[in-house]
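# Observations on the model geometry
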Amino acid sequence: MVSLNPIRILKNEAEEEKAEIARMSSFIGAIAIGDLVKSTLGPKGMDKILVSSGRNAGQVEVTNDGATILKSIGIDNPAAKILVDMSKVQDDEVGDGTTSVTVLAAELLREAEKLIEQKLHPQTIIAGWRIAVEAAKQALAESSFDHEINLNEAALRLDLEKIARTTLSSKILSNHKEHFTKLAVDAVIRLKGSGNLKAIQIMKISGGLLEESFLDEGFLLNKKVGIHQPKRIENANILIANTPMDTDKIKVFGSVIKVDSMAKIAELEVAEKEKMKDKVNKILAHKCNVFINRQLIYNYPEQLFADAGVMAIEHADFDGIERLALVTGGEIVSTFDTPEKVKLGHCKVIEQVLIGDESLIRFSGVELGSACTVVIRGATQQVIDEAERSLHDALCVLAATVKEPKVIFGGGASEMLMAEAVSGVASRTAGKEALAAEAFAVALRRLPSAVADNAGYDSADLISRLRAHHAQGETTMGLDMENGCVGDMSKLGITESYVVKRQMLLSASEAAEMILRVDNILKAAPRRRGPDRRPC
């Protein structure tokens, strides 16, 4: 006798969503994520307030950075998590376009939902999207132009300034974009094409105004020099270390030393001091006049360094000493028995300076000449944090542009250009794939439409005008959000990095394709914690 009852192969409380239900769940989650960040798109985009819970309960962030918003919210939908991970990759790869890539992926899935309602198979839609991606990528590459760094540095600098202005226009720094554009471009030009952003340190100091931020041609460390030690050293030989300077103190929990007189305690203290003195002497044997330690330097070794005329700096964080080792050409050491094998760092001048209320140590004339520090001032911590995120995005975009110095026109011109190219290919494609390709073009046009909506303008009117210009071959036309009209991006100087736009196109299409392929969602049963077993 064969049972007709359904056989359950999953554990109790494990969940399964099949076919249309699974696909609908994926679409809803991804589209919701796109709608969440869509209002932050463009130069007139709105900000979000993020309030932390748990350990940092009550901490407030104000931002319109897509990656920051998405990684700060708790998400349970698996498709939405794919878009969050995609925005993180976009942020890591090129630094900007995190909101655009999320919105484009969400709009592609919105269009795919309509096509599936028309009984198109997901594989047919994916085939049409791949045709569209190739056409869009080719159109984007053909519309790009570049200035080789070795041939025309002045033209490259002009391009970088335009790109930085465009990037900062949608950030909190938009009112100070000329000032921060100069800071960002000067910092990236100093890298001489290496693109090594670790050589650029961003330091945040509360107080003052945003326009008081400045670029310091050197390295700043937010620490203080030890008591009675020199505050300025020229031709510094720097030993960078990560070593405990209290090694010889008894730190074993519950350890007890029994003595029969106070004299024995004094002898223990003397022995501890002698061992610590031996360690300091080993450090001084390296012929260094500056000692920087990741860990604390206690009173007695600090006094010994002062007596030897050595500047000692303690508790420099990991990021600080790693960047310091990079820019001074030194190595981080933890043992001191072989001075001849240790590579010291060098710089021309180390001095203590005062910026606002903060006392900092400046390293000037470092071996890595491209190293510099951008000091950001601001009224509140939230303003400074958002300014740092904005400047970081601009620096990443500029560094990517220097590596691959191709630029394209912004203001929605490139999206409309790609959409027109995709529509042209769709009209020449036979079969149902043409519907999917045309849907891809519709999704691309939604990006400039969102930019116009966020500025409070009539997006339907502006996009139809912009589309008409592009249909007539005027591919430099885009949205002028300052005046609420269609303008020539080449005359307005609104350009973007080709690398960022290409990454946005490819990442969004790949993520949307991955979500569209899903026809089953399996959720594991939650782990149950059993009762604590205590020994009898």
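As the structure is a computational prediction, the values presented were derived from the model and not from experiment. (Residues numbered from 1 in each chain as written. Predicted model: local features only at pLDDT ≥ 70, side-chain atom pairs only at ≥ 80, totals over all residues. Heavy atoms only, no water.)

Let us now look at the pattern of salt bridges. This model, assessed by the stated rule, comprises 34 salt bridges. Across the pair K204 and D385 runs a salt bridge whose closest N-O atoms are separated by 2.9 Å. With a gap of 181 residues between them, K204 in strand 5 (residues 200–206) and D385 in helix 11 (residues 381–403) connect regions that are remote in the sequence. For D385, a relative accessible area of 18% corresponds to the buried category. The partner of R389 in a salt bridge is E386, with the nearest N and O atoms 2.9 Å apart. (Salt bridge = Lys/Arg side-chain N within 4 Å of Asp/Glu carboxyl O. Helix = DSSP H or I, 4+ residues; strand = E, 2+ residues; numbered from the N terminus. Buried < 20%, exposed > 50% of the residue type's maximum accessible area, 1.4 Å probe, protein only.)

Now for a nonpolar patch on the surface. Together, I257, V259, M262, I265 and L268 make up a nonpolar patch on the protein surface, roughly 440 Å² of accessible area in all. Position of M262 among the secondary structure elements: in helix 8 (residues 262–284). Classification of M262 as exposed rests on a relative accessible area of 64%. (Patch = residues over 30% accessible without salt bridge, like charges linked within 9 Å, V, L, I, M, F, W, Y side chains within 5 Å. Areas by Shrake-Rupley, 256 points an atom, 1.4 Å probe, with all protein chains shown as cover.)

Glycine aside, a negative phi is what most residues show, and trans is what most peptide bonds show. Unlike most non-glycine residues, N235 shows phi in positive territory, near 50°. Relative to the helices and strands, N235 is located in strand 8 (residues 232–241). Look at N235 and you get exposed, because its relative accessible area is 59%. Positive phi, normally seen in glycine, also occurs at K287, with a value near 60°. The class of K287 is exposed, set by a relative accessible area of 66%.

In a soluble, globular protein the nonpolar side chains are often hidden away together inside. If you look at the biggest cluster of nonpolar residues, it comprises 65 residues, and the most contacted ones within it are L83, L104, I125, W129, V422, F440 and L516. Among the elements that line this core, the one with the most residues is helix 13 (residues 433–454), at eleven residues. Sequence-distant contacts of W129, defined by excluding residues within four places in its chain, comprise L108, A112, A436, F440, A512, E513 and L516. By size, the runner-up hydrophobic cluster in this structure holds 32 residues, among which are I200, L391, A394 and V397. (Core = buried A, V, L, I, M, F, W, Y, C linked by side-chain atoms within 4.5 Å. Contact = heavy atoms within 4.5 Å.)

Turning our attention to the packing of aromatic side chains. Enumeration according to the criterion identifies three aromatic pairs in this entry. Between F219 and F363 the ring centres are 5.9 Å apart and the planes differ by 65°, which places this aromatic pair in the edge-to-face class. With F219 in strand 7 (residues 219–221) and F363 in strand 13 (residues 358–366), this residue pair connects regions lying 144 residues apart in the sequence. Like F363, F219 is buried. Considering the side-chain rings of F291 and F305, the 5.1 Å spacing of their centres and the 25° angle between planes classify their relative orientation as stacked. Of this pair, F291 sits in strand 9 (residues 290–293) while F305 sits in helix 9 (residues 299–307); the two residues are 14 residues apart in sequence, bridging distant segments of the chain. Overall, the relative accessible area of 0% leaves F291 in the buried class. Look at F305 and you get buried, because its relative accessible area is 0%. Sitting over the face of the ring of Y300, K273 holds its NZ or CZ atom 5.1 Å from the ring centroid. (Phe/Tyr/Trp six-rings, centres within 6.5 Å; stacked < 30°, edge-to-face > 60°. Lys NZ or Arg CZ within 6 Å of the ring centre and 35° of its normal.)

Judged by pairing direction, the sheet is antiparallel, and its three strands sit side by side in the order 4-15-18 without closing on themselves. The open sheet has two free edges, formed respectively by strand 4 (145–146) and strand 18 (495–497), since each of these has just one partner strand. When strand 4 meets strand 15 (residues 406–409), the two strands line up antiparallel, connected through two bridges. Across the sheet, D146 pairs through a bridge with K406, a residue of strand 15. (Pairing = 2+ DSSP bridges.)

So, on to helix 13. The terminal C-alpha atoms of helix 13 lie 32 Å apart, and with 22 residues this matches the ideal 32 Å at 1.5 Å per residue to within 8%. Considering bend angle alone, the principal kink of helix 13 is centred on L447 and spans about 25°; proline P448 follows within four residues of it. Summarising burial for helix 13: 16 of the 22 residues are buried, a large majority. One or two positions beyond helix 13, positive phi appears at G456, with a value near 85°. (Expected span 1.5 Å × (residues − 1). Bend = angle between axes of the 7 residues up to and from the residue.)

Relative to the helices and strands, T328 is located in helix 10 (residues 318–328). Of the polar contacts made by the side chain of T328, one reaches the backbone oxygen of L324; its length is 2.7 Å. Not counting residues up to four positions away in its chain, the partners in contact with T328 are I238, I240, G345, H346, V366 and E367. (Polar contact = N/O pair within 3.5 Å; in protein donor to acceptor, adjacent residues only side chain to side chain.)

At a closest axis distance of 7 Å, the pairing of helix 5 (residues 122–143) and helix 13 adopts a crossing angle of 55°. Between helix 5 and helix 13, the angle is such that the two are oblique. Note on packing geometry: the crossing formed by helix 5 with helix 13 is right-handed. Listed contacts from helix 13 to T124, I125, A127, G128, W129, I131, A132 and V133 of helix 5 are E433, A436, A437 and F440. (Axes fitted to C-alpha atoms, helices over the stretch in contact; angles between N-to-C directions. Parallel < 35°, antiparallel > 145°, perpendicular 65-115°, else oblique. Left-handed = near helix turned anticlockwise from the far one by under 90°.)

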